[in-house]
Amino acid sequence: MPFVLGFAENSIQLVPDGTLILHVIIILVMIYVLNATLYRPINQILESREKRTRGRLTEAQEIMQSVTEKIREYERSLRQARAEAYVQTETERAAAMKERQQKLNEMRAQLTQTIAQEKKTIEQQAAEARTTLEAESRRRAREIGSRLLSRPLSDAEMN
């Protein structure tokens, strides 16, 4: 009998019998049961995770876009504020320079006027001093002449 069993092992039976249908039905039932209990819930969980991930990714992208827009707006407003500050500073500086120049011009005019008045005063004092010195020198000359000559001198003799 070992010989017959050995021969049976090497032979292939291609004749389908009733067990084949039973095996196909069992496989189909297993597919249905696995699909209902395992694959479909896992696929739903994976699908919901994917939706949440996509949703959060989309939400994160929207937040990033919003942050980027706010940063751009902030930088734009900062540049605008700086430009306004520079303009205001330049305006104030120009006004201060104009006021300074005006004060300098006023001081120069006042100084010129003061110098002119002082020159007039000095000229008047010099003229008065000349007149006084001339009168004093004539008087002294007359006095010295009268002492030297031992007689009073007249105005005609002094010239």
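Predicted, not measured: the structure shown is a model, and the values here were computed from it. (Residues numbered from 1 in each chain as written. Predicted model: local features only at pLDDT ≥ 70, side-chain atom pairs only at ≥ 80, totals over all residues. Heavy atoms only, no water.)

The next subject is the overall build of the chain. On a plain count of helices and strands, the chain comes out with three helices and zero strands. What you see in the chain, going N to C, is helices and strands ordered as α-α-α. Counting only residues that meet the buried cut, the chain has 1% of its 159 residues in that class. Counting every atom, the chain has about 15100 Å² of accessible surface; 61% of that belongs to carbon and sulfur. (Helix = DSSP H or I, 4+ residues; strand = E, 2+ residues; numbered from the N terminus. Buried < 20%, exposed > 50% of the residue type's maximum accessible area, 1.4 Å probe, protein only. Areas by Shrake-Rupley, 256 points an atom, 1.4 Å probe, with all protein chains shown as cover.)

The next subject is the confidence of the model for the chain. Scored by pLDDT, the chain comes out at a mean of 86, with 87% of its residues at no less than 70. The least confident element of the chain, judged by mean pLDDT, is helix α1 (residues 2–10) at 52; the most confident is helix α2 (residues 18–149) at 91. Long-range and interchain partners of residues 1–6, a stretch whose pLDDT sits below 50, account for zero contacts in this model, where long-range means more than four residues apart. (pLDDT = per-residue confidence, 0-100. Contact = heavy atoms within 4.5 Å.)

What follows concerns the environment of Leu-153. Following the sequence through the fold, Leu-153 ends up in the loop between α2 and α3 (155–158). Spatially, the C-alpha atom of Leu-153 lies 9.6 Å from that of Ala-141, the residues being twelve residues apart in sequence.

Moving on: the pattern of salt bridges. Scanning the model with the defined rule gives nine salt bridges in all. The salt bridge partner of Arg-147 is Glu-143, with a shortest N-O separation of 3.6 Å. Taken as a pair, Arg-147 and Glu-143 lie in helix α2 at a separation of four residues, close to a single helical turn. Given a relative accessible area of 65%, Arg-147 falls into the exposed group. Salt bridges sharing common partners tie together Glu-136, Arg-139, Arg-140, Glu-143 and Arg-147. (Salt bridge = Lys/Arg side-chain N within 4 Å of Asp/Glu carboxyl O.)

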